[in-house]
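Residues per chain are reported as follows:
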Amino acid sequence: MPPEAKLIEIRNATIWRGTTCVFENLSLVIDQHERVAILGPNGSGKTTLLKALNRELYPVARAGSFIRILGLEKWNVWQLRKHIGVVSHDLHQRYTPTMSALEVVVSGFFSSIGVHGTLASRVTQEQLDSAVATMEQLGVASLRDTPLKAMSTGQQRRCLLARALVHRPDTLILDEPTAGLDFAASFDYLERLRQLAQEGRNILIVTHHLNEIPPEVDRVVLLKAGIVAADGPKEAVLTADVLSHVYETRIRVADIDGYYLAYPG
Ligand SMILES: Nc1ncnc2c1ncn2[C@@H]1O[C@H](COP(=O)(O)OP(=O)(O)OP(=O)(O)O)[C@@H](O)[C@H]1O
Ligand SMILES: [Mg+2]
């Protein structure tokens, strides 16, 4: 990997989902050590963008168009997962309800959904120890043998965050990680994200709630219908004018101790 490589470099990428062209000639560069929030109305392309970064979707191949991650266009998914931990709704839905917390967390080492069959025999003691340690940090160690179906949404989300962190990736990609969490659980989650940001991890977070953007996030990318409608320092993008324009509704914004809050204008 080139030492000064950008974390993400997207040039003129066109990305389809089924019969919908979500992005046409999208360009976006994110440096290493930037902490970025991606916002935008429903259907604007946030999840699609994260899936393209995570190599679940590919741009149309043509000259002058590419998506580079850490300087490379071609990644073996297994190698990429060493650098990037992902928490998303899709992932959440793909787990079977009978899987235990420990199984979910350990599966992070294999970029798999569970650890069945032959995979189970490949789990090392070191990986198990590391899974338990990560679960302890996230306050879910007591749930190690509990099936997902017997956990609250917040506990399940924490298990997924533990899964994303278990192999200590430099970059975390989070798609609405706090959806469905109560105040205590989402504030707790936020606090853990803040710690990870302070430890120097790259964070890319998609959220609809301004108050759930960790204060450590310095840049906001605002998408609208597959176009980057605004991109810049948080304080320049999270303004009443910019948000009201992009969401086509009157929005006011408060900035309280590094946290932002949107309310009707
Ligand atoms: N599996 C799919 N097949 C076809 N089109 C899709 C698929 N998933 C999403 N789309 C379309 O792609 C566009 C972007 O969707 P995407 O999920 O990226 O939006 P989003 O910004 O994440 O929205 P939300 O805030 O609702 O999560 C939308 O027009 C959507 O209808
Ligand atoms: Mg989405």
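Notes on the structure follow. (Residues numbered from 1 in each chain as written. Chains lettered and ligands numbered in written order. Predicted model: local features only at pLDDT ≥ 70, side-chain atom pairs only at ≥ 80, totals over all residues.)

1. Some remarks on the pairing of strand S3 (residues 35–39)
Move 1: Burial analysis of S3 places five of its five residues in the buried class, the great majority of the element.
Move 2: Burial along S3 is two-sided: Arg-35, Ala-37 and Leu-39 facing one way and Val-36 and Ile-38 facing the other are all buried.
Move 3: With four bridges connecting them, S3 and strand S7 (residues 202–206) associate as parallel partners. Among the inter-strand pairings, Ala-37 is bridged to a residue of S7, identified as Ile-205.
Move 4: Pairing of S3 with strand S8 (residues 219–224) involves four bridges; the strand directions are parallel. Within the sheet, the bridge partner assigned to Val-36 lies in S8 and is Arg-219. (Buried ≥ 20, exposed ≤ 12 C-beta atoms within 10 Å, placed from the backbone. Helix = DSSP H or I, 4+ residues; strand = E, 2+ residues; numbered from the N terminus. Pairing = 2+ DSSP bridges.)

2. Let's talk about the sheet that holds S8
Move 1: Taken in spatial order, the six strands of this open sheet run S5-S6-S7-S3-S8-S9, and their pairing is mixed. Two strands close off the open sheet at either side, each with one partner strand: strand S5 (84–87) and strand S9 (227–233). Pairwise comparison of adjacent strand axes, ignoring direction, gives a mean angle of 15° for this sheet. (Axes fitted to C-alpha atoms, helices over the stretch in contact; angles between N-to-C directions.)

3. Regarding the site of ligand 1
Move 1: Around ligand 1, a shell composed of Arg-17, Gly-18, Thr-20, Val-22, Gly-40, Asn-42, Gly-43, Ser-44, Gly-45, Lys-46, Thr-47 and Thr-48 is seen.
Move 2: Elements supplying a minimum of two residues to the shell around ligand 1: strand S2 (20–30) and helix H1 (46–53).
Move 3: Class assignment for the residues of the shell around ligand 1 results in one nonpolar, nine polar and two charged. (Near = placed C-beta within 6 Å. Nonpolar A, V, L, I, M, F, W, Y, C, P; charged D, E, K, R; others polar.)

4. Overview of the nonpolar core
Generally speaking, nonpolar side chains in soluble globular proteins are found buried as a group.
Move 1: In this structure, Ala-37, Ile-38, Ala-101, Val-105, Ala-162, Ile-173 and Leu-222 are the most contacted members of the largest nonpolar core, which totals 68 residues.
Move 2: A per-element tally of this core places helix H7 (residues 153–165) first, with six residues.
Move 3: What Ala-37 contacts, discounting residues up to four positions off in sequence, is Ile-205, Thr-207, Ile-213, Val-217 and Val-220. (Core = buried A, V, L, I, M, F, W, Y, C linked by C-beta atoms within 7 Å. Contact = placed C-beta atoms within 7 Å.)

5. Observations regarding unusual backbone geometry
Move 1: In the Ramachandran plot, Glu-176 falls in the positive-phi region, its phi being about 45° despite a non-glycine side chain.
Move 2: Within the element layout of this structure, Glu-176 appears in the loop between strand S6 (171–175) and helix H8 (183–198).
Move 3: Classification of Glu-176 as partly exposed rests on a count of 17 C-beta atoms within 10 Å.
Move 4: Phi at Glu-248 takes a positive value of approximately 55°, unusual for a residue other than glycine.
Move 5: As for its placement among the helices and strands, Glu-248 is situated in the loop between helix H10 (240–247) and strand S10 (251–256).
Move 6: For Glu-248, a count of 9 C-beta atoms within 10 Å puts it in the exposed group.

6. Section: the environment of Leu-50
Move 1: Within the fold, Leu-50 resides in helix H1.
Move 2: For Leu-50, a count of 21 C-beta atoms within 10 Å translates into the label buried.
Move 3: Between the C-alpha atom of Leu-50 and that of Cys-159, which follows or precedes it by 109 residues, the distance is 20 Å.
Move 4: Discounting chain neighbours no more than four positions away, the residues touching Leu-50 are Ile-173, Asp-175 and Val-206.

7. Observations concerning the environment of Leu-26
Move 1: Here Leu-26 lies in strand S2.
Move 2: Considering only alpha carbons, one finds Leu-26 and Asp-129, 103 residues apart in sequence, at a separation of 42 Å.
Move 3: For Leu-26, the residues in contact, after removing those within four places along its chain, are Ile-10 and Ala-13.

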